[in-house]
Structures are given as C-alpha cells and as structure tokens.
Amino acid sequence: MKHEYHAEQVFAMAGVSGVQTRLRGASSSAYSSDFRIVVEAANLAVYPDLSVICGPPQRAKAFKHSGTNPTVLFEILSPET
C-alpha cells in the first residue's frame, strides 16, 4: 500500500509498478510514480507521476527508499483530480 504524507496528514494512493529508466545521453534517470520523493524541509513525502534525478539519487534520512534531490517533477492533472 502506498501513501503520501503532507503536513502531518496521510493520504492513501493507488499503486503501480515502479520503473527507473536511464535517459539517453545524460547522467539522469527517470522514475515512475512508485518512487517516493521527500522534501524534508517542507515535511513532505510524495509520489509524483514522474521524477527525474540527475546524478546518483540522494536518500532521505527517515525514508531510506526515497529520493531527496529531484531535478524535475511531473504531475499529470485531470478534471477528476
């Protein structure tokens, strides 16, 4: 089960299979929505639809399987959300 955490509230998320893809001609990797991104200064843990990290991912202190250094995040919005 996957959850997002923001401002001391927990929100349930739908799960999908995780994917990491190396981007052509760059030292960057793209991660699917199963890769958690943590912004420790904002007390935030989220699963963006797609994230890109250039160089090796830095890990969060409290969440060892999460990245803290995304270069860009993508969130796909729809009228239902």
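Residues numbered from 1 in each chain as written. Predicted model: local features only at pLDDT ≥ 70, side-chain atom pairs only at ≥ 80, totals over all residues. Heavy atoms only, no water.

Q: So what's going on with the overall build of the protein chain? Residues and values would help.
A: Summing up its helical and strand segments, the protein chain has zero helices and nine strands in all. Out of the 81 residues in the protein chain, the part that is buried amounts to 28%. Put simply, of all contacts in the protein chain between residues at least 6 apart along the chain, 34% involve residues at least 24 apart. (Helix = DSSP H or I, 4+ residues; strand = E, 2+ residues; numbered from the N terminus. Buried < 20%, exposed > 50% of the residue type's maximum accessible area, 1.4 Å probe, protein only. Contact = heavy atoms within 4.5 Å.)

Q: Tell me about the packing of aromatic side chains, residues and numbers included.
A: Under the criterion given, the structure shown has one aromatic pair. Consider the rings of Tyr31 and Phe35, whose centres lie 4.3 Å apart with planes at 25°: the pair is stacked. Residues Tyr31 and Phe35 agree in their burial class; the two are buried. (Phe/Tyr/Trp six-rings, centres within 6.5 Å; stacked < 30°, edge-to-face > 60°.)

Q: Just give me the short version of unusual backbone geometry, but keep the residues and values in it.
A: For Asn43, which is not glycine, the phi dihedral falls at a positive 55°. Position of Asn43 among the secondary structure elements: in the loop between β5 (36-39) and β6 (44-46).

Q: Provide a residue-level description of the pairing of strand β4 (residues 28-31), including the pertinent values.
A: Residues Ser28 and Ala30 point to one face of β4 and Ser29 and Tyr31 to the other, with burial holding for every one of them. The pairing of β4 with strand β7 (residues 50-54) spans four bridges and is classified as antiparallel. What sits directly across from Ser29, in β7, is Ile53. (Pairing = 2+ DSSP bridges.)

Q: Residues and numbers for the environment of Phe63, please.
A: Structurally, the position occupied by Phe63 is in the loop between β7 and β8 (66-67). In sequence terms Phe63 and Arg36 are 27 residues apart; their C-alpha atoms lie 8.7 Å from each other. In contact with Phe63, other than residues within four places in its own chain, are Arg36, Val38 and Ala45.

Q: Please provide a residue-by-residue account of the side chain of Ser66, values included.
A: Here Ser66 shows up in strand β8. One polar contact links Ser66 to Arg36, side chain to side chain, over a distance of 2.6 Å. Aside from chain neighbours lying at most four places away, what touches Ser66 is Phe35, Arg36, Val38, Gln58, Arg59 and Ala60. (Polar contact = N/O pair within 3.5 Å; in protein donor to acceptor, adjacent residues only side chain to side chain.)

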